[in-house]
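Results of the structural survey
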Amino acid sequence: MLTKEGKPGKVKVRKGMKTYTIPVDQTGCVPMWAVVERFQEVGNKHSDRGIDSDVVLPRNLTPEEIIDWWADPSCCDIDGIDDEVAEIYSVPLSIRGKKRDALRNLAVVATKKESNRIKKILADSFTAEELELLTRDKGFYITTNAYMDDCTGYYLRMQDGVRVPHIVLEDGTTPDGIVHEVVHHLRALDGRTTFPTNREGVLMNATFNAYPKSKRDALVEREERETVAETVARTRVDRVQSGYYDSIPGMDSREAYLRDQDLISQGRALKGKAAIRAAQRNFDKSCISRAVISSNKKAKR
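The structure displayed is predicted, hence computed values, not measured ones. (Residues numbered from 1 in each chain as written. Predicted model: local features only at pLDDT ≥ 70, side-chain atom pairs only at ≥ 80, totals over all residues. Heavy atoms only, no water.)

A few words on helix α8 (residues 213–234). Along its 22 residues, α8 runs 31 Å from first to last C-alpha, staying within 8% of the 32 Å computed at 1.5 Å per residue. Buried residues dominate α8, accounting for 16 of its 22 residues. (Helix = DSSP H or I, 4+ residues; strand = E, 2+ residues; numbered from the N terminus. Expected span 1.5 Å × (residues − 1). Buried < 20%, exposed > 50% of the residue type's maximum accessible area, 1.4 Å probe, protein only.)

Written out as structure tokens, the structure reads:
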């Protein structure tokens, strides 16, 4: 079922005494990202997975076909989401211990090979404690696209209209691009983000939108600069640097990136407090601290 206009959008479906608003794609089915978001939002990521239900639904479902699960994910399973296999939550065998436990709560909607690559990069770039923070409660989820025109990734922080944080990545995005978006999420949760945010990491839209554009631009610029610096601290030299290095006046982007790698972490991949301290300690001397970034600018990596 499509919207009344026959286009992708959202439709309302009634179940018992409650009406649910469910996204649909151009085929009239509920897109995979929406199913994952719903499970992250209301499903029990521990008890709803690992035990097969008597009823396992296929993935491509209309709102009418999925409504029982949408209202109560424990009533049945959806193939690859909360069944015994739950492949979107799978973790490479090379990742062990607390990091493995944390990453089992991260849904990555991608090929198995790409999902494994992304989770290995996250395990290499964040401590177990950071991964636990990143994936607790509703956590966040990642989807991938074959090609993105003007950037290789973006982060949708929790806010009005976004109930679960969502990172979108271009297929094959290098470690710098992947870690950059996850650092945004970490900063939203631990209170270091420049955006007005409550204790749960939810963007205070009304407050942010009430600021004059000059202040919004300044907050975006500072957030991106600091996120890039911390990403540099957490990753070794990448073959593709952040596109924000193109925005440093009078400097070659590659040269600026390599200078920051040497300044901030000496080319090492730091984690946890060591990464945060290295980025903060060297930020004012870094090249990225001079990048000119506006609130409507996207950077291709």
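Back to the text.
What follows concerns the pairing of strand β7 (residues 153–156). Residue alternation in β7 divides its side chains into a buried set, Gly153 and Tyr155, and an unburied set, Tyr154 and Leu156. Sheet topology note: the β7/strand β8 (residues 166–170) ladder contains four bridges and is antiparallel. The residue of β8 that forms the bridge with Leu156 is His166. (Pairing = 2+ DSSP bridges.)

Attention now goes to the pattern of salt bridges. By the definition in use, this model includes 18 salt bridges. Among the ionic pairs, Glu114 bridges to Arg117, the shortest N-O distance being 2.9 Å. Residue Glu114 and its partner Arg117 are located together in helix α4 (residues 112–125), separated by three residues, close to a single helical turn. Among the charged side chains, a salt-bridge network with shared partners connects Glu130, Asp190, Arg192, Glu230 and Arg234. (Salt bridge = Lys/Arg side-chain N within 4 Å of Asp/Glu carboxyl O.)

We now examine helix α1 (residues 32–42). The element α1 is largely enclosed, with a buried count of eight among its eleven residues. Listed in full, the buried residues belonging to α1 are Met32, Ala34, Val35, Val36, Glu37, Arg38, Phe39 and Gln40. Residues of α1 that are buried in the fold lie against β2 (18–24), α2 (63–71), β4 (77–78), β5 (107–109) and β6 (141–145). (Contact = heavy atoms within 4.5 Å.)

Let us now look at the pairing of β2. In terms of strand pairing, strand β1 (residues 9–15) meets β2 through seven bridges, oriented antiparallel. Paired with Arg14 across the strands is Thr19, a residue of β2. What sits between β1 and β2 in their antiparallel hairpin is a turn of two residues, with Gly16 showing a positive phi close to 65 degrees.

Quick look at the environment of Phe208 now. Note that Phe208 resides in helix α7 (residues 205–210). Along the chain, Phe208 and Phe195 lie 13 residues apart, while their C-alpha atoms are 7.2 Å from each other. Each residue touching Phe208, except ones within four places of it in the same chain, is listed here: Phe195, Pro196, Leu203, Arg216, Leu219 and Val220.

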